[in-house]
Every structure is written in structure tokens, then in C-alpha cells.
Amino acid sequence: MTELVVIGAGLAGLIAATRAAQAGHQVKIIAKGLGATHWHAGSVDLLGYFPNETVAIQRPLDAMRDIARVQPQHPYALLGDAQIGDALKNFLALARAIGLPYSGANQDGDNLWLPSPVGAARPTFLAPRAQRAGELSRTEPMLIVGLRGMRDFYPELIAENLGKQGHRARAAFLPLDLITDRRDITTVQLAYALDDPARREKFASELKKLAQSGERIGLPAILGMDAHADTFDELQAQTGAEIFEIPTLPPSVPGIRLTNALRNHLRELGARVDVNMDVIAFHAEGARVLWIESEASGRPLKHRAEKFLLATGGIIGGGINTDHTGKIWETIFGLPLVAPRERGQWFRARFFDPAGHPIFRAGIPVNREFQPIDANGARVFANVWAAGGTLAHCDPILERALEGIAITTGSAAACFAGRK
Amino acid sequence: MHTASWHSVGMTLDECIKCNICTAYCPVAAVTEKFPGPKYAGPQAQRFRESGQLKSPDLAVDYCSACRVCNEVCPSGVKIAEINARAKAQIVAARGIPLRNWFFGRNEILGMIGNRAPQIANLGFHNPFSRWMAEKILGVARHAPIPHWSTRGSFASWFRRTPRLKSENKVVYFHGCSTNYYEPEVGQAAVAVLEHLGYEVIVPPQNCCGLPMLNNGEFPAAEKLYRSNLAKLVPYADRGYPIVGTSVSCVLVLREEASEMLDVENDQTHRLGRALWDLSEWLRDLHEQGKLDTNFRELKMILPYHVSCQARAHRMGRPSLDVMTLIPGLDVREGNAKCCGLAGTYGYKSEKYEIAMKVGADAFRFVRAQGDAARMVTSDSEICRWQLQHGTQKLARAPIEILAAAYGLYDLDQRRLKAG
């Protein structure tokens, strides 16, 4: 008998399932499709900005205490220091165990600044090993290398923008045919191509000729998929330079690496991950959900479990849907939502308003145990938990908190579910 | 359940957010640049294929293998594979169909002809010279695993010849062309298991499900077959008999694909759809009701299980795995390769054979990794079994043959029913 069904295979769902499986529970993930992690930069943003403020946060763990004062219902406020610390510690250990080590700036818990795909500085809390050398607090000059003919990566643009911000950076190109015989190729296919030792050796020897002594080399995030660690190590060893990846447009290779590693780990723990399962109905008796049903070719497929954990994402992820009349609903259980009352209140006039748009703060309100509640604060179901982007009272993209909220709430919700 | 209509497939186009996750997972685009990937050939190109416009903007869609991995991973529910299938049909309608593809669409007739004198037919077609000629003249890949006609006679003739169990409980069996003419043993195993469980098996007149035609863009001919099957099978559905099939792809066509792609949707298609089961799915359901005889003999073997793309396209979970797991001693190992590559008639075509073998490499690697102790491999689709046998030199058996062996009814090595 499945104890816990997690709905959603983004970071929140994968972390929640892993946490529960590690605790010895029978876990299954079902998801409509793949998403979320394939759109991430692969780093862990914890908290970068407060709404309405354009100055970035330097120490997110300290800033969270302020958030708790101003927004007592924010997921971070519900979690508190101890649970956030525990979830992050757990994630770091997990990431190391699955061969994708992450690290933060320093012991003080400062945010890291890394270059974005257009050369802007982005604050993040934990970075995968291959992104660390791109830290903008460092002064060594950067050589940004692109592949001529590759779509979606423009080294001149990145170098120019970095230069405008006072960093020393220059751009260079290598021919695409060092890595591939194809002309039409995606970042994911390039990453798989570099898994081949012969190709990356050729690539490394040409790369070495470009770099001047003392320069660190920024490359698009294509440095191997399954053999990422070897690819990264060999490129550094052969060029003698520090190398860093800059995430590209989706689908994101660093995000896919993390998904693959987490899914493989879940499989080893005996947990199944099934995608292409769109939940269309549920059956509850009293306050307990007994099963959910997913759409299938013949007849709906029943998933019985003792507990259900929603990690379906927000409006972008598909956990929350809206229509043109201003209706807004939670897609699995029709849970009560916190949302603007009328459609006219969804958006502010300016697209890049630093206060963000009210509709993106819409979501499922939960109690301190991450169980969905109604307007009176009463728990809706006894055996349902929620985590990640589907939660109310936060705007993970605006706050630069997307992965942080996913990891910390996913971890905490799974722990609460495990205790019941 | 999603309603099947032209409208619904077309409407999903608007759900595409161009995230390219489908391209990242497409097993064909990963190994050849002849196919630009599902997003480009599907939702992107579709915008230029106005209804009624005969000229397709993109002939590369012919390189889509119809494995449906794109549908599976899409976070937005876009029916990419169906969009591609319709685009192929549009090309065939405008330009006509190559003779080879016309033949491939008619495997029912080819089966019937070869079945008259299988030894002669096998000798005539499956000798190196004929295969070389077929490649040169027709473009049928010389080394592709095209099945041999069964020299033990067709399934239907065996069924008529041998005495049958009579019972109150009746099940209708859809065998499909491959079981009838190439692998009658699969049908015999199915009948043996069903009769062992106390069911009377009815094998009504039936036609090819039409999948080879759908895959080769011959929609009008496929529709004739679909309507003929409807006429032949719906009366049994109306009597309340379950209709089970051992070919996952036939069942998928009859209960969803044909209706969706051909835009044939009515009360009859719904009635047939509701009565149809994949045999493993039906046995799993029986087990969930506590009605499956689980008195299995020990089957001490390591058995790699390749989950075929057609089985995953059902979104029904892993029924064969669920049922085989009940067999004591059997060490079933689930692989996670996306596709065996052969994909219907795709890998039979000389210009696509190499692509199919490259796509299948992951599945072959998984099977080989289980070591020499694993003598056999299993998969729900006959196509996958032939390809795995071709790529790994191991024996391939259907899950129902494994089950029949576990009931003591079947010899897996000899591939025949045990006497008595």
C-alpha cells in the first residue's frame, strides 16, 4: 500500500518524495508532465528581494526574520529558522550524495552573485559546483566563450553587460563543430555530446588556446549531462583555468541534471515517478481523501494512498488555474485559495512593478504543518499537505525564492506528513 | 477523460509555451538532425498548416517515429504526437504514399498471404538476396527485424482447432495481426491463462487495428479498418463482455488513438473504449478485486522489462510489472529507456533503420547490463520484443507468456503450451 502520493515532479515534489522515502515510507510521485526544474537555472535561490524594494538582500537567512514580522503568513515565516536550516542542510547532504554538490558563499550565509544569460548579476544562495567560479564578487577577469552557430547564448552581450557593471570580461567564440557534426542542436543535445570523452578533449584543447593566464572561463551550461562531473574536471585540468557555467534559456541543463539525479536516487529508494498522469478527480470520505484519479486511455487510474502531498506549482506550474472571468481555482482538490477578489485586481499597471502583481501571490493557504486551510483557518483534509509554488502569500519569482521555497516547504511538508 | 475530437487536438496547440522540454527528451532528435524535434515539427510548424492547405511547410515531420515521448513529458498537455501524425496524413493526401509504406500499412493482408505457405514465404522473403533486393527497390532495411511468418499456423486456426472451455464468465480477445500471423504463441498463452482463471474466451472476427496505416499517414484507409472493428466489436461490448488485447499498441489505437486522430467520435467509440482492456491491466484489476488466482509456481529468473513507449502512452501505470511482481522467485527489473527505436514500421525503413538502432541503444544497454544470467527479456509490445531480440540477441517473451509459465501452463524456452 502506498503511504504517500506526491503530485508534481518539480523540485518541491522531488524533495518531498525523497525526504519521505529516506524516512522509510512507501512513496510514489505522479505528475502531469515534466516542468519546473527544466526551467530553473540550477542554482538554489533562497531570498533575493523583498517586494517593493530594488536593493537586493545580502543575507537571506537574516532577512527572513524580517519577512516573518511583515508577512507572518509567508511560507518562510511558517517554517521558522530551525526548519529552514534543517531543510537546507538536508539538501546539501543529498546533493553531495547524488553527485551534484552545491555550496553557498560563506559561513555568514551571504548570497552569491552569478552572471545571468544576459550578463546581469543575479543573487542566489547555493550554486552547483560548476557555477561557483562565476562569482561576481571576485576580481579575476572573465573570458566568456560561445559556440558559433549555437542558439540562445551570446557571449558578446554577456561580456558587454558585465563590463558595464564594472567587471572585466571579454567574449570569444569556438566553432560548434568541435563538439557536434550537427548544425541544428539544442543545449541538451550538446550536453550529451560532451559526455563523450573524445569530443570534450578536442573542445578542451581549443579552449586552452583562447584563455589568457589568470582568466576564468565562462561557458554555456552544456558541460556534460550524465558525465557532468568528469567533463567539468577534465576541462579545468586541461585548460588550467577555472571554468564556470552560465545557465541558458530553457530547457536548462543544470536543472535537468538535478532532476535526473533526484529521480535516479528515488528509484534506488524504491519510489516510482510516473509522468503523463493528469489528476482529474478525487474521492474523499469525511475529512480524508481516499484516492485520486488520473486521466488514462481507457478508464481513469485510481491512486489510493494514506496521504497526499500537493506539489503542483502555481499558475505557471499548473497547480492553480484561472479563466478570463476572473475565476481562480486549485486544480486537484478545489481547495480554498487566497487570491485577488476580482480580475481587475490581478495586475498592476506596470509590467516590471517592483511590488509584483497580486495574482502571482495567489495560492493555497496552509497552517504551520503545511496542511491546506479554509478562510477560517480550519484544516480542509486530514491527510493532505501542500508545498512549493502552489502556496499562498509569496511570489517566488519576484522574491528570487523559487528553489528555496520548493526545497524548504517540500522537506517540511514531507516531515509533517510522515509524523501523522 | 479528454474528449476526442479534431477540435481538442487542435486546441492543445495553444497550450504550447515553447519550453522545448519535448525537444530535450525526443529520442529521435537526440540521434539525428533530420528530425528537428517535436516542438518545431509539431506546434511550431502546425501554425503554417492551415486547414485545407495541402502543402506542408515541413517534410521533416516524416522523421517523427510516433513514440509519444513528447506527449509524456509535456507540462502543458499538448498532443504533439497527434499533431505530427495529422501532418503526415496531410503530406500523404497531397503527395501520395510511397509503395513501401503502402505495403507496411497492409500487414494484415501480408500476414494472410504469407500464412498460406509460411515456409515458402519465409524462404522467399527472408533470404539475404530478397532482403537486399527489398532494400534496393523498396527501401525496406535489409537488417531490420521484420518478423517471420509463424510455421505453426495462425492463432485463429489454432483457436478453432482446439477444444475450448465453456463458462458463464466470458472474455473477448483481440489478438491483432502480429499474434495471428507471427506470434500465435502469445495468443495461446493468453487463452490458456484466461481459461485457467475460468473464463470462456471468445475470438470474434476482427481486423487490423489500423496503426500501421495511421503511422504512415493513410488516414482514409485506417478509418475503414477502425469502422469495421467498431462494427465487429461493439456488439460484444454491449453484452457487457470485457474485450482484452495482448498488443498494447492495438488496444491504444482502438480505445483512443484512432478516434482522436481520425476525429471519429460517437456513442459507439465510447462503448468500445470502455469495454477494452490491455490484458495485464485487466488482470491487475482482477487482482485488485481479490479475484486473481495468485497460486503461481516459482519462476527463478532475472527478467529485464522494457517499458514500451506505447504502454506508457496509455497512462495506466505499469500493469504488467504489477502482475509479474506477484510471481515468486521472479526478479523483474524495470528499465527506463525511452523507446526501443523500432516504433511501428519506422525502423523497417532503410533511411530510418540506423536512427532506430541508435534510439534503441539505451534499451539494449539496459538489457545487457542485467548480465548473462538474464536469458530473456520482456516487453508489452511485439515491436519492442523484436527490436530487443535484434539488438541484444536475447529471447524476448510477452508478459502473458511469463504469466502462463508461472501458472505451469507454458514452456518459455520451447515457446509452446504444455500438454495437458
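No experiment lies behind these values; they were computed from the predicted model shown.

Participant: Which residues make up the overall build of chain B, and what values do they have?
Facilitator: A tally of regular secondary structure across chain B gives 22 helices and ten strands. For chain B, whose C-alpha radius of gyration is 21 Å, the value lies close to the compact-globule estimate of 22 Å for 420 residues. C-alpha extents for chain B along the principal axes are approximately 60 × 50 × 40 Å. Here chain B holds 420 residues, and 65% of them are scored as buried. Sequence separation of 24 or more characterises 76% of the internal contacts of chain B that already satisfy a separation of 6 or more. For chain B, the exposed area adds up to about 16,400 Å²; of that, 54% sits on carbon and sulfur atoms. Between the averaged position of the 51 positive side-chain charges in chain B and that of its 42 negative side-chain charges there is a distance of 5 Å.

Participant: A description of the overall build of chain A should follow, citing residues and the corresponding values.
Facilitator: Along chain A, the regular secondary structure elements total nine helices and 18 strands. For 420 residues, the compact-globule formula gives about 22 Å, and the C-alpha radius of gyration of chain A, at 22 Å, lands near that figure. Its C-alpha atoms give chain A principal-axis dimensions of about 70 × 45 × 40 Å. For chain A, the proportion of its 420 residues judged to be buried stands at 56%. If you take every contact in chain A between residues at least 6 apart in sequence, the share linking residues at least 24 apart comes to 66%. By element, 51% of the accessible surface of chain A is carried by carbon and sulfur atoms, the whole surface being about 16,900 Å². Between the centroid of the 45 positive side chains of chain A and the centroid of its 44 negative side chains there is a distance of 2 Å.

Participant: Would you mind going over the side chain of B:Lys39 in detail, with residue names and values included?
Facilitator: Here B:Lys39 is to be found in helix H3 (residues 38–46). No salt bridge is formed by the buried B:Lys39; the nearest opposite charge belongs to A:Asp152, separated by 7.5 Å. Every residue in contact with B:Lys39, bar those within four places of it in the chain, is listed here: B:Lys18, B:Asn20, B:Cys22, B:Thr23 and B:Gln44.

Participant: I'd like to hear about the domain arrangement of chain B, residue by residue, with values.
Facilitator: Residue and element names in this part refer to chain B. Taken domain by domain, chain B comprises domain 1 (9–95) and domain 2 (301–417). A C-alpha centroid distance of 27 Å is found between domain 1 and domain 2. Counting residues at the interface gives 14 residues for domain 1 and 13 residues for domain 2. For the pair domain 1 and domain 2, the summed buried area comes to about 1,200 Å², and 63% of that belongs to carbon and sulfur atoms. The largest contributions to the domain 1 side of the interface with domain 2 come from Val-31, Tyr-63 and Ser-65, which together make up 35% of the buried area. The interface formed by domain 1 and domain 2 includes two salt bridges. For Lys-352, the salt bridge goes to Asp-62, with nearest N and O atoms at 3.0 Å. On the surface where domain 1 and domain 2 come into contact, there are three residue pairs in polar contact (both at pLDDT 80 or more).

Participant: Tell me about the nonpolar core, and name the residues and values.
Facilitator: In terms of nonpolar packing, the biggest core is built from 106 residues, with A:Leu47, A:Tyr76, A:Ile292, A:Leu309, A:Phe333 and A:Phe370 touching the most fellow members. If we skip the residues at most four places from it in the chain, A:Ile292 touches A:Val5, A:Ile7, A:Ile30, A:Val279, A:Ala281, A:Phe282, A:Leu301, A:Lys302, A:His303, A:Phe308 and A:Phe333. Residues B:Ala85, B:Phe174, B:Ala222 and B:Val234 belong to the second largest nonpolar core, which totals 50 residues.

Participant: Describe in detail the packing of aromatic side chains, supporting the description with residues and values.
Facilitator: Residue and element names in this part refer to chain A. What the rule picks out here adds up to 17 aromatic pairs over all chains. When the ring of Phe-333 is compared with that of Phe-381, the centres are 5.7 Å apart and the planes differ by 55°; the resulting orientation is tilted. Highlighted residues: Phe-333 in the loop between strand E17 (328–330) and strand E18 (384–386) and Phe-381 in the loop between E17 and E18, separated in sequence by 48 residues. Here Phe-333 matches Phe-381 in class, with each residue buried.

The rules we used
- Residues numbered from 1 in each chain as written.
- Chains lettered and ligands numbered in written order.
- Predicted model: local features only at pLDDT ≥ 70, side-chain atom pairs only at ≥ 80, totals over all residues.
- Heavy atoms only, no water.
- Helix = DSSP H or I, 4+ residues; strand = E, 2+ residues; numbered from the N terminus.
- Rg over C-alpha atoms; globule rule 2.2 N^0.38 Å.
- Buried < 20%, exposed > 50% of the residue type's maximum accessible area, 1.4 Å probe, protein only.
- Contact = heavy atoms within 4.5 Å.
- Areas by Shrake-Rupley, 256 points an atom, 1.4 Å probe, with all protein chains shown as cover.
- Lys, Arg positive; Asp, Glu negative; His and termini not counted.
- Charge placed at Lys NZ, Arg CZ, Asp CG, Glu CD.
- Salt bridge = Lys/Arg side-chain N within 4 Å of Asp/Glu carboxyl O.
- Domains from an automatic or database assignment.
- Buried area = accessible area lost by both parts, 1.4 Å probe.
- Polar contact = N/O pair within 3.5 Å; in protein donor to acceptor, adjacent residues only side chain to side chain.
- Core = buried A, V, L, I, M, F, W, Y, C linked by side-chain atoms within 4.5 Å.
- Phe/Tyr/Trp six-rings, centres within 6.5 Å; stacked < 30°, edge-to-face > 60°.

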